[in-house]
Amino acid sequence: MKTITHAQKKLMIKYFEVLENELGHALEKGAGDVQTDNASLIETVSAHVHEQAVGIAAQIPDASAPSMQQIRKNLETVLDPTFFAGRKGDPIRAVRALKKALLEQLEYTRPKGGVWNQLQRPHRKSP
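Here the structure is a predicted model, which is why all the values come from computation and not from measurement.

(A) Looking closely at the environment of Ala-58. With respect to the helices and strands, Ala-58 occurs in helix H2 (residues 39-59). Considered as a pair, Ala-58 and Leu-11 are 47 residues apart in the sequence and their alpha carbons are 9.9 Å apart.

(B) Main features of the side chain of Gln-8. With respect to the helices and strands, Gln-8 occurs in helix H1 (residues 6-29). Excluding residues within four positions of it along the chain, Gln-8 makes contact with Asp-62, Ala-63 and Ser-64.

(C) Spotlight on the nonpolar core. The biggest cluster of nonpolar side chains holds 30 residues, and the ones touching the most others in it are Tyr-15, Leu-19 and Leu-23. Mapped by element, the contributors of at least two residues to this core are H1, H2, helix H3 (68-79) and helix H4 (91-103). With 11 residues, H1 is the largest single contributor of residues to this core.

(D) Looking closely at the confidence of the model for the protein. Across the protein, the average pLDDT comes to 81, with 76% of residues at or above 70. For the protein, per-element mean pLDDT is lowest for H4, which scores 90, and highest for H2, which scores 92.

Parameters at a glance
- Residues numbered from 1 in each chain as written.
- Predicted model: local features only at pLDDT ≥ 70, side-chain atom pairs only at ≥ 80, totals over all residues.
- Heavy atoms only, no water.
- Helix = DSSP H or I, 4+ residues; strand = E, 2+ residues; numbered from the N terminus.
- Contact = heavy atoms within 4.5 Å.
- Core = buried A, V, L, I, M, F, W, Y, C linked by side-chain atoms within 4.5 Å.
- Buried < 20%, exposed > 50% of the residue type's maximum accessible area, 1.4 Å probe, protein only.
- pLDDT = per-residue confidence, 0-100.

Structure representation (structure tokens):
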């Protein structure tokens, strides 16, 4: 997995929380109708998420908000019914899976004033 800065990881975790909330609200309004070709749903949710992500990025130095294109692509991915192979699509669960993968991603910068929380890889003994 690609490493990212602590600031960008912090922003992306908050981004996925916003994405999960906004998508959940939109699906409740649409009675849970999940369609990957639902351009209206994707545009509405991506606009709300982008607005909030820009606000979050303004509070986190050294982090940049995801672009509208990236947000739309993430929505298309999680709305895809084949996201979980062989199972019915669940977009909220898909967002949570992406967030979990992000939480496991390695960071290459120390948080300012914080504790380094990088996962340690096991060391191999030389033969």
